[in-house]
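Coordinate inspection notes
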Amino acid sequence: MKTQIVYVLTTSEADYYLEQTMISLKSLRMFNSDIDVILALDRKTKNNLVGNRGNILNYIDELIVIDIPDNFTQVQSSRYIKTSLRQYIKGDYLFIDGDTVICNNLSEINNIRNDLSMVLDRHLQICEHQHSDDIMKWAKEIDWSPASRYFNSGVFFVRDSEIAHKFYDQWHKEWLKNCDNGFPRDQPSMGKADNILGGVLTELSPEWNCQIVENGLAYLDRAKIIHYFSSNNSEKNPCPYLLANKQYYRQIRENGYTIPDNIEQMLLNPKALFVDKTTILSGNDTYFFNTPLIRFLKDIYYSHPSTFDKIQKSAQFIKHPFRRN
């Protein structure tokens with residue numbers, strides 16, 4: 001397989017990005033034993049890979065250490081590398097985020113003829129996107145006029161071509177400018193860079209980045225890569241995918257930074273790894289449950305349960321004013 005796989009990692013012992021990436025790498029190797037894997041990281045992360053934490057290096061073929069401005073946060077460092085990655089890699093590559101699980105052989109990526117290709121964010125155009133208001137707000141902040149498409153940068157096929165290098169130069173330039181203005185998100189900057197270059201990004205088939213948190217269910221059966229969005233996972237917003245649970249990352253730490261047998265068994269059937277208690281939403285319900293009012297009520301539910309209980313009792317009375325228990 002000539003297309004290389006590239007991961008970016010910025011981490012410390014205060015987070016679980018290392019463990020997430022180890023799970024993704026393990027699943028990659030299970031289905032793609034002959035693949036060349038590159039890990040790009042900052043110097044702080046490299047210095048942190050001591051003792052058993054260095055076991056992640058057993059999964060890769062090449063390590064690239066990139067110098068980052070000293071004042072950058074860990075998140076900014078990750079996006080600095082992500083938006084400038086093309087200049088550090090020779091040859092075509094498929095970039096994959098760490099909060100992913102590979103489900104299949106990826107050799108078909110060699111058949112892609114486009115220079116720059118990725119899956120739509122949440123598998124929808126902007127006009128249908130559950131978070132279109134957020135996208136348009138971000139676009140306004142960076143003076144970007146989006147068209148119909150908003151891409152997810154979690155999986156990105158990139159050729160070693162002139163246009164790919166031009167795109168990354170522009171993307172990194174836009175990201176740095178927006179980061180200096182207090183806006184470090186990488187995807188809106190990516191969209192603006194695409195506009196400036198006349199629309200060079202092309203759409204990759206959904207199974208390459210099956211975003212199971214929202215709208216990815218239709219592509220799960222043929223998914224090559226499951227993307228479960230670990231950054232959105234919290235007590236107030238639990239992820240339905242089992243391997244987003246920190247208990248598995250703690251198991252890896254306790255197991256000397258090696259993948260325990262139970263997790264390896266789970267990776268044999270990655271498309272079935274969902275928590276027992278789940279609810280599937282569709283249609284307008286997907287918009288309703290993302291409205292500011294519902295988000296506010298959800299925050300109250302978790303942070304002030306007694307207050308929420310009072311609100312709920314009031315709502316029950318309004319709904320049934322003459323009902324008596």
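See the structure printed just above.
This text gives an overview of the structure that appears in the document. As the structure is a prediction and not an experimental result, all values here were calculated from the model. (Residues numbered from 1 in each chain as written. Predicted model: local features only at pLDDT ≥ 70, side-chain atom pairs only at ≥ 80, totals over all residues. Heavy atoms only, no water.)

**What about unusual backbone geometry?**
- Phi is positive for Asp143, close to 60 degrees, though the residue is something other than glycine.
- On the secondary structure map, Asp143 appears in the loop between α4 (132–141) and β7 (151–158).
- The exposure class assigned to Asp143 is exposed, which follows from its relative accessible area of 63%.
- One non-glycine residue, Tyr257, adopts positive backbone phi at about 55 degrees.
- The residue Tyr257 is located in the loop between α7 (246–254) and α8 (261–267) in this model. (Helix = DSSP H or I, 4+ residues; strand = E, 2+ residues; numbered from the N terminus. Buried < 20%, exposed > 50% of the residue type's maximum accessible area, 1.4 Å probe, protein only.)

**Examining the sheet that holds strand β4 (residues 93–96)**
- Judged by pairing direction, the sheet is mixed, and its seven strands sit side by side in the order β3-β2-β1-β4-β7-β6-β8 without closing on themselves. With one partner strand each, in any of the chains shown, β3 (62–66) and β8 (202–203) form the two edges of the open sheet.
- Strand direction decides the pairing type here: strand β2 (residues 37–42) and β3, joined by five bridges, are parallel. Bridged to Ala40 within β3 is Ile64.
- Along the sheet face, helix α5 (residues 162–180) touches β4, β6 (116–120) and β7 and points at about 145 degrees away from the line of β7.
- Here helix α6 (residues 186–196) sits on the sheet in contact with β6 and β7, set at roughly 60 degrees to β7. (Pairing = 2+ DSSP bridges. Contact = heavy atoms within 4.5 Å. Axes fitted to C-alpha atoms, helices over the stretch in contact; angles between N-to-C directions.)

**Comments concerning α5**
- Look at α5: 27 Å from first C-alpha to last across 19 residues, which is about the 27 Å you get at 1.5 Å a residue.
- For α5, the set of buried residues is Ala164, Phe167, Tyr168, Gln170, Trp171, His172, Glu174, Trp175, Asn178 and Cys179.
- In this fold, the buried residues of α5 make contact with α3 (74–84), β4, β6, β7 and α6.
- Gly182, located one to two residues past α5, shows a positive phi value of around 85 degrees. (Expected span 1.5 Å × (residues − 1).)

**Section: the pattern of salt bridges**
- Taken as a whole and judged by the stated rule, the model has 18 salt bridges.
- Measuring nitrogen to oxygen at the nearest pair gives 3.8 Å for the salt bridge that ties Glu174 to Lys192. Placement of Glu174 in helix α5 and of Lys192 in helix α6 is noted, with a sequence separation of 18 residues between them. Of the two residues examined, Glu174 and Lys192, each falls in the buried class.
- Connected via shared salt-bridge partners are Arg79, Lys82, Asp97 and Asp186. (Salt bridge = Lys/Arg side-chain N within 4 Å of Asp/Glu carboxyl O.)

**Re the nonpolar core**
- By size, the foremost hydrophobic cluster in this structure holds 50 residues, and its most contacted members are Leu94 and Leu243.
- Considering every element that reaches this core, the biggest residue donor is helix α1 (residues 17–31), with five residues.
- Beyond its immediate sequence surroundings of up to four residues, Leu243 is in contact with Ile23, Val101, Tyr228, Tyr248, Tyr249, Ile263, Met266, Leu267 and Leu273.
- Ile38, Ala40, Ile64 and Val158 belong to the second-largest nonpolar core, a separate cluster that totals 30 residues. (Core = buried A, V, L, I, M, F, W, Y, C linked by side-chain atoms within 4.5 Å.)

**Looking at the sheet that holds strand β9 (residues 210–211)**
- Taken together, the three strands give an open sheet; going across it, the order is β5-β10-β9, and neighbouring strands pair in mixed fashion. For this open sheet the edge positions go to β5 (100–102) and β9, each flanked by a neighbour on one side alone.
- In terms of strand pairing, β5 meets strand β10 (residues 225–227) through three bridges, oriented antiparallel. What sits directly across from Ile102, in β10, is Ile225.

**Observations concerning the environment of His129**
- With respect to the helices and strands, His129 occurs in the loop between β6 and α4.
- Once the C-alpha coordinates of His129 and Thr100 are considered, the two residues, 29 residues apart in sequence, prove to be 22 Å apart.

**Some thoughts on α1**
- Its 15 residues place the ends of α1 22 Å apart at the C-alpha level, agreeing with the 21 Å of an ideal helix rising 1.5 Å per residue.
- α1 sits mainly inside the fold: twelve of its 15 residues count as buried.
- Considered for burial, the residues of α1 that qualify are Leu18, Glu19, Gln20, Thr21, Met22, Ile23, Ser24, Leu25, Lys26, Ser27, Leu28 and Arg29.
- As for α1, its buried residues are in contact with β1 (4–9), β2, β4, β5, α7 and α8.

**Some remarks on the packing of α5 against α6**
- It is at 8 Å that the axes of α5 and α6 come closest, and there the two elements cross at 130 degrees. Considered as vectors, α5 and α6 are oriented oblique to each other. Here the hand of the crossing between α5 and α6 comes out right-handed. Judged by residue contacts, Phe167, Gln170, Trp171, Glu174, Trp175, Lys177 and Asn178 of α5 engage Asp186, Ser189, Met190, Lys192, Ala193, Asp194 and Ile196 from α6.
- In the contact of α5 with α6, the residues fall into six nonpolar, three polar and five charged. (Parallel < 35°, antiparallel > 145°, perpendicular 65-115°, else oblique. Left-handed = near helix turned anticlockwise from the far one by under 90°. Nonpolar A, V, L, I, M, F, W, Y, C, P; charged D, E, K, R; others polar.)

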